[in-house]
Amino acid sequence: MMMRFFLTALCLLTTLSFAQAGEADVVDVRVQKEGDRVYRFSVTVRHDDTGWDHYADKWDVVAPDGSVLGTRILHHPHENEQPFTRSLSGVRIPADISEVRVRAHDKVHGYGGVELTVAVE
């Protein structure tokens, strides 16, 4: 009986810690032109990473039609570095696109946090 109570309490605490971390938010985007319709994106993400099971694991540059133009994979949690900024070079933007959306993803909630839309030349 005591072991069952302990396991139930442990499961509830684990669930609560995942829920508290919430979704990954994009809080800043800087765009630098590298070449003809090729850009470098420096993206700042905020997420209350709690370890390897729940952390912001990527961000995407998304065209207005929803197609993904570039993805920056984040290979580890940033528990002690919040918010954090990572860059992605070589993102090719088609000539008919004047703005893109940047969204972040985390291992528990997926997408759903704050996204930012930025202009590109």
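In this text, all values refer to a predicted model and were calculated from it rather than measured experimentally. (Residues numbered from 1 in each chain as written. Predicted model: local features only at pLDDT ≥ 70, side-chain atom pairs only at ≥ 80, totals over all residues. Heavy atoms only, no water.)

**Examining the environment of glutamate 79**
One can find glutamate 79 in the loop between β4 (68–73) and β5 (84–92). Taking relative accessible area as the criterion, glutamate 79 reaches 44% and is therefore assigned partly exposed. C-alpha separation for the pair glutamate 79 and aspartate 49, spaced 30 residues apart in sequence, amounts to 5.0 Å. Ignoring sequence-local partners within four residues, the contact set of glutamate 79 consists of Asp49, Thr50 and Gly51. (Helix = DSSP H or I, 4+ residues; strand = E, 2+ residues; numbered from the N terminus. Buried < 20%, exposed > 50% of the residue type's maximum accessible area, 1.4 Å probe, protein only. Contact = heavy atoms within 4.5 Å.)

**Structural notes on the pattern of salt bridges**
Counted according to the given criterion, the structure contains 4 salt bridges. The shortest N-O distance in the salt bridge between aspartate 28 and arginine 30 comes to 3.2 Å. Given a relative accessible area of 25%, aspartate 28 falls into the partly exposed group. Using a relative accessible area of 57% as the deciding quantity, one classes arginine 30 as exposed. Salt-bridge contacts for glutamate 115 lead to arginine 101; the nearest nitrogen and oxygen are separated by 2.8 Å. Pair noted here: glutamate 115 is in the loop between β6 (99–106) and β7 (116–119) and arginine 101 is in strand β6, with a separation of 14 residues, a long-range link. (Salt bridge = Lys/Arg side-chain N within 4 Å of Asp/Glu carboxyl O.)

**Structural notes on the sheet that holds strand β1 (residues 25–35)**
In spatial order, the strands read β1-β2-β5; together these 3 strands make up an open sheet with antiparallel pairing. Two strands close off the open sheet at either side, each with one partner strand: β1 and β5. Taking the axes of each pair of neighbouring strands and ignoring which way they run, one obtains an average angle of 20° across the sheet. With 7 bridges joining them, strand β2 (residues 38–46) and β5 adopt antiparallel strand pairing. Counted as the bridge partner of valine 43 is arginine 86 from β5. (Pairing = 2+ DSSP bridges. Axes fitted to C-alpha atoms, helices over the stretch in contact; angles between N-to-C directions.)

**Brief notes about the side chain of histidine 105**
Note that histidine 105 resides in strand β6. At a separation of 2.6 Å, a polar atom in the side chain of histidine 105 contacts the side chain of aspartate 57. Discounting chain neighbours no more than four positions away, the residues touching histidine 105 are Ala24, Tyr55, Ala56, Asp57, Lys58, Gly110 and Tyr111. (Polar contact = N/O pair within 3.5 Å; in protein donor to acceptor, adjacent residues only side chain to side chain.)

**Focus: the sheet that holds β6**
Here 4 strands make up an open sheet; going across it, the order is β4-β3-β6-β7 and the pairing antiparallel. Pairing within the sheet leaves two strands with one partner each, and these edge strands are β4 and β7. Direction aside, the axes of adjacent strands within the sheet are offset by 25° on average. In this sheet, β6 lies alongside strand β3 (residues 56–62) in antiparallel orientation, the contact comprising 6 bridges. Bridge pairing in β6 places aspartate 60 opposite arginine 103.

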